[in-house]
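Listed here are the chains, written in short residue letters.
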Amino acid sequence: MMHCLIMVVLLASCAYVSAFSKPVIFIALTRIKNMNKQLSNNLLMDNMKIKKCSITCLELPCIECVTNAAAANQLKTAVRSQDAVLLTSPKAAKILVEHCDHADLSRLKLVSLGKGTSAVLLRAGLVPTFESTAPSATGLAASLPADYKQLRMLYPASALADSVLQTQLCARGFNRITRLDVYSTGNPVWSKSQKLLAESADCITFTSPSTVAGWVANSGDTTLPCFVIGEKTRAAAEKHGFTSIIHTQMNFNSGTKTDVIGQMSQRVHNWIARTNI
């Protein structure tokens with residue numbers, strides 16, 4: 001009850017201030033809790049360039065990531081019997097680095113999907129031996145060099161990931177792949193105060209299909225303009241009934257986190273500049 005009262009006071013205060021100054025645009029940020037800071041900073045940093053309104057960012061996490069502890073713990077011994085590791089997400093790379101000895105990983109060939117995944121490895125002092133710049137598992141499967149065919153490859157994956165990578169690699173003759181589902185994603189259930197906060201949003205940012213599903217499950221409002229990253233997220237927004245969709249073709253596999261977030265931020269500011277407030 002106290003949280004709801006605080007939210008009401010906050011929103012009322014913003015509305016009161018805007019009545020005597022600039023109107024306020026409320027932007028919902030939907031990534032994992034505490035992972036929205038960079039986008040928020042970008043939006044607020046450029047806020048001074050926008051003379052027609054002010055920006056307030058609302059952190060409303062629509063996705064949560066859960067590590068499969070048992071599978072993650074298996075990684076440490078599993079990598080010792082492998083020649084290479086296939087990494088298709090920053091999260092998979094992070095779990096690998098956290099649960100395995102650096103010495104074991106440094107002797108392996110590390111295959112990375114996208115700059116975001118490679119960045120996690122590089123921060124840990126590990127250099128990818130192959131990085132696919134194609135923004136999908138299909139692109140990685142098509143571009144992996146043939147000299148990897150005889151290698152034993154470990155594939156730490158999300159439990160929700162489909163079998164496209166394995167199937168298409170198998171079709172090319174890569175038959176020594178062991179998959180280990182080390183994490184999964186889900187949609188958190190919002191509190192009453194979060195649902196109240198969501199009602200004030202003027203637009204939404206989505207970074208994955210799961211964030212779209214989480215918003216719809218908690219809010220149900222598909223009438224708001226939304227800004228999405230990548231084709232898969234755009235398709236998910238359309239599937240759930242959103243009609244005002246502004247999307248960036250770049251995603252976390254095809255560009256760095258800084259580039260992707262920067263592009264989304266620019267899309268938001270362009271929209272605000274065109275919008276009648």
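Residue indices follow the written sequence of each chain, beginning from 1 at its first position. Only residues with pLDDT of at least 70 get local features here, since the model is predicted, and only at 80 or more are side-chain atom pairs given and counted; chain-wide, interface and lining totals rely on the full set of residues. Side-chain figures throughout are based on the complete set of non-hydrogen atoms in the structure, without hydrogens or water.

Novice: Would you mind going over the overall build of the chain with me for this structure?
Specialist: Scanning the chain from N- to C-terminus turns up twelve helices and eleven strands. Between buried and exposed lies partly exposed: a residue is buried under 20% and exposed over 50% of the maximum accessible area for its type, with that area taken using a 1.4 Å probe on protein chains only. Relative to its full complement of 277 residues, the chain shows a buried share of 45%. In short, Shrake-Rupley with a 1.4 Å probe defines the accessible areas, and a residue's cover is counted only from the protein chains shown. A total of about 13,500 Å² of accessible surface is found on the chain, and carbon and sulfur atoms cover 56% of it. Helix and strand assignments follow DSSP, with helices taken as H or I runs no shorter than four residues and strands as E runs no shorter than two, numbered in order from the N terminus.

Novice: Sorry, what's going on with the pairing of strand β11 (residues 245–248) here?
Specialist: As a general feature of sheets, a regular strand has side chains that alternate between the two faces. Side-chain alternation along β11 places I246 and T248 on a buried face and I245 and H247 on a face that remains uncovered. Strands are labelled as partners when DSSP assigns at least two bridges between them. Note that strand β10 (residues 226–229) and β11 share four bridges and pair parallel. The residue of β11 that forms the bridge with C226 is I245. A crossover counts as right-handed when, viewed with the strands pointing away from the observer, the path leading from the first strand over the helix to the second turns clockwise. Once you follow β10 into helix α11 (residues 230–239) and on to β11, the crossover reads as right-handed.

Novice: What am I meant to see in the nonpolar core here?
Specialist: As a rule of thumb, soluble globular proteins bury nonpolar side chains together. L75, V79, L87, L96, L105 and V182 are the most contacted members of the largest nonpolar core, which totals 22 residues. Secondary structure elements with two or more residues in this core: α3 (69–78), β4 (84–87), α4 (90–99), α6 (115–123) and β8 (177–186). Once residues lying within four places of it in the same chain are set aside, the contact partners of L96 are L75, V79, V85, L87 and L105. By size, the runner-up hydrophobic cluster in this structure holds 20 residues, among which are W190, A201, V212 and F242. What is meant by a nonpolar core is a set of buried Ala, Val, Leu, Ile, Met, Phe, Trp, Tyr and Cys residues, joined one to another through side-chain atoms within 4.5 Å. By definition, residues are in contact when any of their heavy atoms lie within 4.5 Å.

Novice: I would appreciate a short explanation of the confidence of the model for the chain in the present structure.
Specialist: Across the chain, pLDDT averages 88, with 88% of residues at or above 70. When mean pLDDT is compared element by element in the chain, β4 scores highest at 97, while helix α1 (residues 2–20) scores lowest at 47. Scored below 50 in pLDDT, residues 12–20 makes four contacts in the model with residues more than four places away or belonging to other chains. The pLDDT score gives, residue by residue, the confidence of the prediction method on a 0 to 100 scale.

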